[in-house]
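The lines below spell out each chain.
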There are 2 protein chains.
Amino acid sequence: MNSPIVNRRDLDFLLYELLDVERLTERERYAEHNRETFDAAIETAHRVAVDHLYPHNRKNDLQEPEFDGDTVTTIPEVKQALDVYCDTGLIAAAQDFDRGGMQLPATIAQTCTAIAKGANVGTFAYIGLTVAATNLILAHGSDEQIERYTPHMLSGRFFGTMCLSEPQAGSSLGDLRTRATPQDDGSYRIQGNKIWISAGDHELSENIVHMVLARLPDAPPGVKGISLFIVPKYLVNDDGSLGRRNDVKLAGLIHKMGYRGTTSTMLNFGESGDCVGYMVGGPGDGLKCMFHMMNEARIGVGLGAVMLGYGGYLHSRDYALERRQGRAPGEKDPTTPQRLLAEHADVRRMLLAQKSYVEGGLALGLYCATLVDDERTHPDASARADAARQLAILTPIIKSWPSDYCLRANDLAIQILGGYGYTREYPVEQYFRDNRLNPIHEGTHGIQAQDLLGRKVRQEDGAAFRCLVDAMRRTADDVDRSGPAAMAGHADALRRALDTLCDTTQALATVAETGDQERYLANASYYLEMTGHIVMAWLWLRQGITAADATPATDDDRAFYQGKLAACRYFFNVELPKVHYHADLLRQVEDTPLTTEPAWL
Amino acid sequence: MNSPIVNRRDLDFLLYELLDVERLTERERYAEHNRETFDAAIETAHRVAVDHLYPHNRKNDLQEPEFDGDTVTTIPEVKQALDVYCDTGLIAAAQDFDRGGMQLPATIAQTCTAIAKGANVGTFAYIGLTVAATNLILAHGSDEQIERYTPHMLSGRFFGTMCLSEPQAGSSLGDLRTRATPQDDGSYRIQGNKIWISAGDHELSENIVHMVLARLPDAPPGVKGISLFIVPKYLVNDDGSLGRRNDVKLAGLIHKMGYRGTTSTMLNFGESGDCVGYMVGGPGDGLKCMFHMMNEARIGVGLGAVMLGYGGYLHSRDYALERRQGRAPGEKDPTTPQRLLAEHADVRRMLLAQKSYVEGGLALGLYCATLVDDERTHPDASARADAARQLAILTPIIKSWPSDYCLRANDLAIQILGGYGYTREYPVEQYFRDNRLNPIHEGTHGIQAQDLLGRKVRQEDGAAFRCLVDAMRRTADDVDRSGPAAMAGHADALRRALDTLCDTTQALATVAETGDQERYLANASYYLEMTGHIVMAWLWLRQGITAADATPATDDDRAFYQGKLAACRYFFNVELPKVHYHADLLRQVEDTPLTTEPAWL
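Here the residue index of a chain counts from 1 through its sequence in written order. Starting at A for chains and at 1 for ligands, labels are handed out in the order in which the entities are written. Whole-chain, interface and lining totals are the exception, using all residues; otherwise, since this is a predicted model, local features are given only for residues with pLDDT of at least 70 and side-chain atom pairs are given and counted only at 80 or more. With hydrogens and water excluded, all non-hydrogen atoms of the structure serve as input to the side-chain values.

Going by what an unreviewed UniProt entry lists, chain A is known as 3-methylmercaptopropionyl-CoA dehydrogenase and is assigned to Aquisalimonas asiatica. UniProt positions are given in the numbering used here, feature names are shortened, and annotations may be inferred rather than shown by experiment. Under the heading Catalytic activity (unreviewed entry), UniProt records this for chain A: "3-(methylsulfanyl)propanoyl-CoA + oxidized [electron-transfer flavoprotein] + H(+) = 3-(methylsulfanyl)acryloyl-CoA + reduced [electron-transfer flavoprotein]". The Sequence similarities (unreviewed entry) field of the UniProt record for chain A holds the comment "Belongs to the acyl-CoA dehydrogenase family."

So, in structure tokens, the structure goes:
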């Protein structure tokens, strides 16, 4: 295969033919960029991914980090790869030029990140968390905090973490108990236990900057009482040198099913009563600060899920094009040569399903990234507002749809390889294990469903919902007006699905009006999956239109566009009809779970 | 939890209330048995499972067998547990009294096996394969072979294996190349390489009896040229003592995603030209011999998948009944206590889904086992023939439906535990990894689909299909005649699904008549899933009827029956409607895979 991570032709198609990201270079912020600078960043990310991240992806799974009670040890390839990545400057891909960044659009930065995740999600997580922590400080920190921490984080000298969960407070963040006690010097003393802290301890960087959610002594209960703190592993002197070791103690490593290259830690803050922290933003602003970064973080999780699916797809496709097994149905002569796996209809079905999930998921993730760019830099204020609305409603979908369906893609990749796929001698089982984290972290599937139906659909009296539905309907209507004719049937199917979506949402609204929130949200998971499928059908229609209208330059190009049209057809024929199954459950307000007492289970 | 393996109340319900296995004691073969002897066997299996198999299930996953080039080492708990199991005599549960067996019905023997698998599938596989190999020799071996090997296998002194796959011949067994050359003494010299041989080498028994498929020099190509051979690791003298080491060499261990406690091996037969084998059955009878055991083997795989799902269900249920997280939708007061997970509608949905899959799967597996008993021992010849027909058509379904849906159950169990579920500190992720093998081995999902639609539905001009459909329709019609009234709606729904099944099968038959086998079988996977769901709805209707008609003796009993009714309702409301989605795809003869060229992927 050309790349084990992503089909570069597909990436070009999505970025430049489907989403026209070159248009972003017309904006002032990106005026110094052009397609060449975008491609150079992507090419750099891909080179580092293939040369430095991908080669130790399996080794990092088999030899996961170890803690001897004193130090965490990782295989040397991890630090080598991270150093190379940091040296490229890609860690600051989206930052301003005057912070030493590349000032690239979010779409290009997310593309680079996605490629790195596809190569080695376990190793790359150290970078991903550092970028997220840096963004938090840049957005909400004081000038002094920005100055003290972020240059070292953007250079890769310090890494970062996000310390949210506690043993009694996972999905229910409002129940966290970590305390922050103000000191005379303006700092705080932090005391509490955090769990699931990825990259929470290691020797890969000189320092670790923990972003910790905690409560002030007089804070109100619940989410309103949560504030955000910087808690460095080593205090940082004014000149950037390291001071004393802070009172943050690694209580132990957690051993995961996948994602094994990333340490998952339990951290004790202030065991000796001497853990220093610094507030970011104001008292009670903790969740608001976090939520400010959430859209991008959730796009990142969704794209990570896509890329693990993508790797499995590419591997199982190449396998199916090489491995011979069995013969055509009805072929009775056992002396004929065996057939390629890819010639069996059922194998091709499994490949098409994967292709439709991973290429569709990539299209959705990159589209959401363009909404981030439009929200920030579109010259037109109403376009910015529309982008913000679409982004709000699409965020739970880009987080959850690929976490569900690209995991299914990984399952199909294993199935195509058969016994081989079930072994650690082949990569597909690792993708499956790694990907199983994505429906859990950064808000579980159930949390995303509640976010979509409980908040996003209803916010601003449904404005975000209407904004998204209108955009989807416009694509279908455009097909009627200006073709391509080959897409007319799919456009019709999308319109019917949109009618179903609107009817279902309306029917649910009448449930909400009764005030019975439990009943309104009981089937939120079905609503999430249904809406996700409709959005995905929309993106496949858009890809189908682009492919049908394209003029292929070469035979390879022709095959590429035919592949897009086949996957589009597959999605409309096989996947989209599931929408009507989910709509029926929603309209009936299927209530078996509500009428089942826990004691009966 | 009372048992971490299975709800004993559910087992009693299925065996005695639903399937009335006590009726088997009226048959001559089981005349010395009664419910007490059945229960004693099950209780013994359960005790060994809980005391000896379950405790090292995780350790056997973490410390998988190792090969140092000379010897395979396993953790000591494995041999201890296997010895205890063999000492109980359960390894010969289904064998004749005069072979030292317990002469129990297949249904009870499968129940015992299922319990052991649920406790530790990795360790138990050594027993399971030995039973299968013993059955092969007993059914097809000469008196001399039976005498020489089987007493030692039934005592656990020798273990067994099944050596079918080769690197170039997995699903396509007809392409196997291992040669068997006849010798003057009536024995054969075996030469070839086998792969995926579970339990292929170890130090857990004195000897290993490999059942090997190979070709005679003059054999015709394809499956007709395959014969079956006994190839012992050590030759066995007339007095049962061990002779010289045979020329069977462990080429290496394969490292799997799950099922890690069972060695998976590559074996080289006859590397030094001195591998002795003995033919079982006649030349070319190899596959016929194997297929003779296949129904039971595939029921065993299906029940194994069920039990891994069952363990995950019980664990996640207990977790959801203990763990508090979050509050009711609309509850704004953060000072109220957190709610049990099981009080959240979405968690209860995930529990009901699991319950419907695993208890439904167990019902199907045990029902299929009663068909094995009826096929063999029913006093009425036409009832025996009907049982054989139902068994033939249900075999691909019991193999594949639980391998698919009980794996989904494992996925839901992880999701309920959230971050905890993703760690190796909790058991649910191991169930998920272990269970992922089941859609692959003993005939992949795709092979089962072809078996169902390509062979079983069409055999005897559809007699097996009609026999199954008639049985399902009778249950629905009985509800109309004699209630219970609470099941009338479900009976209607089942009848509609049966109409859909018959219409779809008829529509496909017209495709078959065109002679285009490729097209006829292109959507066999959808057909398999659709038929599986209808069969499962039938078993849920039968469970619902039994539960609705029952008179609960205690509050616990009342809760148990309510749970059955809730899971029944869940299956009919949420799962059965998927049938119509699949039927649409089948009736349209969805052909995107057929029209997609491999080069476009």
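Visitor: How would you summarise the overall build of chain A if you had to cite specific residues and measurements?
Guide: Counting from the N terminus, the helices are the DSSP runs of H or I reaching at least four residues and the strands are the DSSP runs of E reaching at least two. When its secondary structure is counted, chain A shows 20 helices and twelve strands. Taken along its principal axes, the extent of the C-alpha atoms in chain A is 80 × 60 × 60 Å. Residue contacts are counted whenever heavy atoms from the two residues lie within 4.5 Å of one another. Taking contacts inside chain A between residues at least 6 apart in sequence as the whole, the part at least 24 apart equals 75%. As presented, chain A carries roughly 20,700 Å² of accessible surface, and 47% of it is formed by carbon and sulfur atoms. A positive count includes Lys and Arg, and a negative count includes Asp and Glu. His and the chain ends are not counted in either. Every charge is mapped to an atom, namely NZ of Lys, CZ of Arg, CG of Asp or CD of Glu. The positive charge centre, built from 61 side chains, and the negative charge centre, built from 81, are 4 Å apart in chain A. Where accessible areas are quoted, they stem from the Shrake-Rupley method and a 1.4 Å probe; at the residue level, only the protein chains shown are allowed to cover.

Visitor: Describe the UniProt feature "domain: Acyl-CoA dehydrogenase/oxidase N-terminal" (unreviewed entry) in chain A, and please don't skip the residues or the numbers.
Guide: UniProt's feature table lists "domain: Acyl-CoA dehydrogenase/oxidase N-terminal" (unreviewed entry) at residues 40-156 of chain A, given in the numbering used throughout. Across residues 40-156 of chain A one finds 67% helix and 3% strand; the C-alpha atoms that close the span lie 21 Å apart.

Visitor: Let's hear about the interface of chain B and chain A: which residues, and what values?
Guide: If you look at the interface, chain B gives 92 residues, while chain A gives 92 residues. Accessible area that two parts lose when put together, evaluated with a 1.4 Å probe and summed over both, is termed the buried area. Between chain B and chain A, roughly 8,100 Å² of surface is buried when both sides are summed, and carbon and sulfur atoms account for 58% of that area. The largest per-residue losses of area from chain B upon contact with chain A belong to B:Tyr422, B:Arg424 and B:Leu601, which jointly make up 11% of the total buried on that side. We count a salt bridge whenever a side-chain nitrogen from Lys or Arg sits within 4 Å of a carboxyl oxygen from Asp or Glu. Counting across the interface, chain B meets chain A through ten salt bridges. Ionic pairing is found between A:Glu518 and B:Arg339, a salt bridge with its closest N-O pair at 2.5 Å. Between N or O atoms, a polar contact is any pair within 3.5 Å; within protein, one atom must be a potential hydrogen donor and the other a potential acceptor, and residues adjacent in sequence are included only when both atoms are from side chains. Along the contact surface separating chain B from chain A lie 60 residue pairs in polar contact (both at pLDDT 80 or more). Of all the elements, helix α18 (residues 555-575) of chain B adds the most residues to the side of chain B that touches chain A, at eight residues. In terms of residue class, the side of chain B that touches chain A is made up of 41 nonpolar, 27 polar and 24 charged. All residues other than Ala, Val, Leu, Ile, Met, Phe, Trp, Tyr, Cys, Pro, Asp, Glu, Lys and Arg, Gly among them, are scored as polar; the first ten of these are nonpolar and the last four charged.

Visitor: Describe the packing of helix α9 (residues 294-320) of chain A against helix α10 (residues 345-377) of chain A, and please don't skip the residues or the numbers.
Guide: Residues and elements named next belong to chain A. Only the contacting stretch of a helix is used when fitting its axis, a line to C-alpha atoms as for every element, and angles between N-to-C directions run 0 to 180 degrees. In the contact formed by α9 and α10, the axes pass within 9 Å of each other and the chain directions differ by 150°. Judged on the interaxial angle alone, α10 and α9 are roughly antiparallel. The element α9 and its partner α10 pack so that their crossing is left-handed. Looking at the contact of α9 with α10 residue by residue, the classes come out as 15 nonpolar, six polar and five charged. Put simply, angles under 35 degrees are roughly parallel, angles over 145 are roughly antiparallel, angles from 65 to 115 are roughly perpendicular, and the rest are oblique. Handedness of each helix crossing follows the sense of rotation of the near helix against the far helix: counterclockwise by less than a right angle gives left-handed, clockwise gives right-handed.

Visitor: Kindly report on the UniProt feature "domain: Acetyl-CoA dehydrogenase-like C-terminal" (unreviewed entry) in chain A, identifying the contributing residues and their values.
Guide: Residues given the UniProt feature "domain: Acetyl-CoA dehydrogenase-like C-terminal" (unreviewed entry) here are residues 470-593 of chain A. What you have in residues 470-593 of chain A is 83% helix and 0% strand, and the ends, taken at the C-alpha atoms, are 34 Å apart.

Visitor: Residue-level account of the packing of helix α14 (residues 463-482) of chain A against helix α17 (residues 524-549) of chain A, with values.
Guide: In helix packing, the relevant descriptors are the interaxial angle and the interaxial distance, both defined with respect to the helix axes. Residue and element names in this part refer to chain A. One can describe the packing of α14 onto α17 by two numbers: an axis separation of 10 Å at closest approach and a directional angle of 35°. Remark: the crossing between α14 and α17 carries left-handed chirality. Listed contacts from α17 to Phe-465, Leu-468, Ala-471, Met-472, Thr-475, Ala-476 and Val-479 of α14 are Tyr-527, Ile-534, Val-535, Trp-538, Leu-541, Arg-542 and Ile-545. Class assignment for the residues of the contact of α14 with α17 results in twelve nonpolar, one polar and one charged.

Visitor: Outline helix α18 (residues 555-575) of chain A, listing residues and values.
Guide: Expected helix span is taken as 1.5 Å per residue step, with the number of steps being one fewer than the number of residues. Taking 1.5 Å per residue as the helical rise, α18(A) with its 21 residues ought to reach 30 Å, and the 29 Å between its terminal C-alpha atoms agrees with that figure. Backbone nitrogen of A:Asp556 and a side-chain oxygen of the N-cap are separated by 3.4 Å at the start of α18(A); the cap is A:Thr554.

Visitor: Just give me the short version of helix α12 (residues 428-435) of chain A, but keep the residues and values in it.
Guide: Between buried and exposed lies partly exposed: a residue is buried under 20% and exposed over 50% of the maximum accessible area for its type, with that area taken using a 1.4 Å probe on protein chains only. Counting buried residues along α12(A), eight of its eight residues qualify, which places the element largely inside the surrounding structure. Considered for burial, the residues of α12(A) that qualify are A:Val428, A:Glu429, A:Gln430, A:Tyr431, A:Phe432, A:Arg433, A:Asp434 and A:Asn435. Summarising the contacts, the buried residues of α12(A) are in contact with α3 (57-62), α5 (106-119), α6 (121-140), α9 and α11 (381-417) of chain A together with α12 (428-435) of chain B.

Visitor: Describe the pattern of salt bridges, listing the residues and the values that go with them.
Guide: For the structure on display, the rule yields 96 salt bridges over all chains. A salt bridge links A:Asp274 to A:Arg189, with the shortest nitrogen-to-oxygen separation between them at 3.6 Å. You can see A:Asp274 sitting in the loop between β11 (264-269) and β12 (276-280) and its partner A:Arg189 sitting in strand β5 (residues 188-198), a full 85 residues away along the chain. Since its relative accessible area comes to 30%, A:Asp274 is described here as partly exposed. Since its relative accessible area comes to 22%, A:Arg189 is described here as partly exposed. In this structure, B:Lys456 engages B:Asp451 in a salt bridge whose closest nitrogen and oxygen atoms are separated by 3.0 Å. Among the residues examined, B:Lys456 registers a relative accessible area of 8% and is labelled buried. Judged by relative accessible area, B:Asp451 falls into the buried class, the value being 7%. Where salt bridges share partners, they join A:Asp10, A:Lys355, A:Glu359 and A:Lys564 into one cluster.

Visitor: Give me the domain arrangement of chain A: which residues, what numbers.
Guide: For the domain bounds, the source is a domain assignment made automatically or taken from a database. Per the domain assignment, the segments of chain A are domain 1 (8-154), domain 2 (160-284) and domain 3 (449-595). Computed from C-alpha coordinates alone, the two centres of domain 2 of chain A and domain 3 of chain A are separated by 40 Å.

Visitor: I'd love a proper account of the relation of the copies chain B and chain A, names of residues and values included.
Guide: Once turned by 180° and shifted 0.0 Å along the axis, chain B lies on chain A with an RMSD of 0.0 Å. On this basis, the relationship between the two copies can be described by a two-fold rotation axis. For chain B, the smallest separation between a C-alpha atom and the rotation axis is recorded for B:Tyr581, amounting to 3.7 Å. When the interface residues of chain B are mapped onto chain A, 100% of them are again interface residues, pointing to one common binding face. To line up the copies, we fit them by least squares on C-alpha atoms, keeping just the residues with pLDDT of at least 70 in both.

Visitor: Account for the side chain of B:Lys578, with residues named and values stated.
Guide: Position of B:Lys578 relative to the elements: it lies in helix α19 (residues 578-587). Using a relative accessible area of 17% as the deciding quantity, one classes B:Lys578 as buried.

Visitor: Let's hear about the packing of aromatic side chains: which residues, and what values?
Guide: Residues and elements named next belong to chain A. Note on ring pairs: Phe, Tyr and Trp rings are taken, using the six-membered ring of Trp, and paired if centres are within 6.5 Å. Classes follow the plane angle, with under 30 degrees stacked, over 60 edge-to-face and the rest tilted. Throughout the structure, instances matching the rule amount to 31 aromatic pairs over all chains. The interplanar angle of 75° and the centroid separation of 5.2 Å between the aromatic rings of Tyr-85 and Phe-124 together place this pair among those described as edge-to-face. With a gap of 39 residues between them, Tyr-85 in helix α4 (residues 76-87) and Phe-124 in helix α6 connect regions that are remote in the sequence. Residue classification places Tyr-85 among the buried residues on the basis of a relative accessible area of 2%. Accessibility expressed as a relative area gives 2% for Phe-124, which makes it buried. Between Tyr-357 and Trp-401, the ring centres sit 6.0 Å apart and the planes meet at 80°, which makes this aromatic pair edge-to-face.

Visitor: Quick rundown of unusual backbone geometry? Include the residues and the values.
Guide: All names here are of chain A. At the junction of Gly-483 and Pro-484, the peptide bond is cis and its omega measures out at 5° in the coordinates. Looking at the element boundaries, Pro-484 is found in the loop between α14 and α15 (488-513). With a phi close to 55°, Glu-442 is a non-glycine residue in the positive phi region. Position of Glu-442 relative to the elements: it lies in the loop between α12 and α13 (445-456).

Visitor: Can you lay out the pairing of strand β10 (residues 248-254) of chain A for me, pointing to particular residues and giving the numbers?
Guide: All names here are of chain A. The element β10 is extensively covered by neighbouring structure, given that five of its seven residues are classed as buried. For β10 and β11, the ladder comprises six bridges, and the chain directions are antiparallel. Bridge pairing links Val-248 to Phe-269 in β11. Pairing between strands is defined by DSSP: at least two bridges between the two strands are required.

Visitor: So what's going on with the side chain of A:Arg27? Which residues, and what values?
Guide: Of note, A:Arg27 is situated in the loop between α1 (8-18) and α2 (35-53). The residues touching A:Arg27, leaving out its near neighbours within four places in the chain, are A:Asp373, A:Asp374, A:Thr377, A:His378 and A:Pro379.

Visitor: So what about the state of the cysteines? Which residues, and what values?
Guide: Residue and element names in this part refer to chain A. By definition, disulfides here are pairs of cysteine sulfur atoms that lie within 2.5 Å. Considering all chains together, one arrives at zero disulfides over all chains under this definition. Cys-163 forms no disulfide, and the closest cysteine sulfur to it belongs to Cys-275, at a distance of 9.7 Å. The exposure class assigned to Cys-163 is buried, which follows from its relative accessible area of 0%. No disulfide involves Cys-568; its nearest neighbouring cysteine sulfur is the one of Cys-406, lying 17 Å away. With a relative accessible area of 0%, Cys-568 lands in the buried category.

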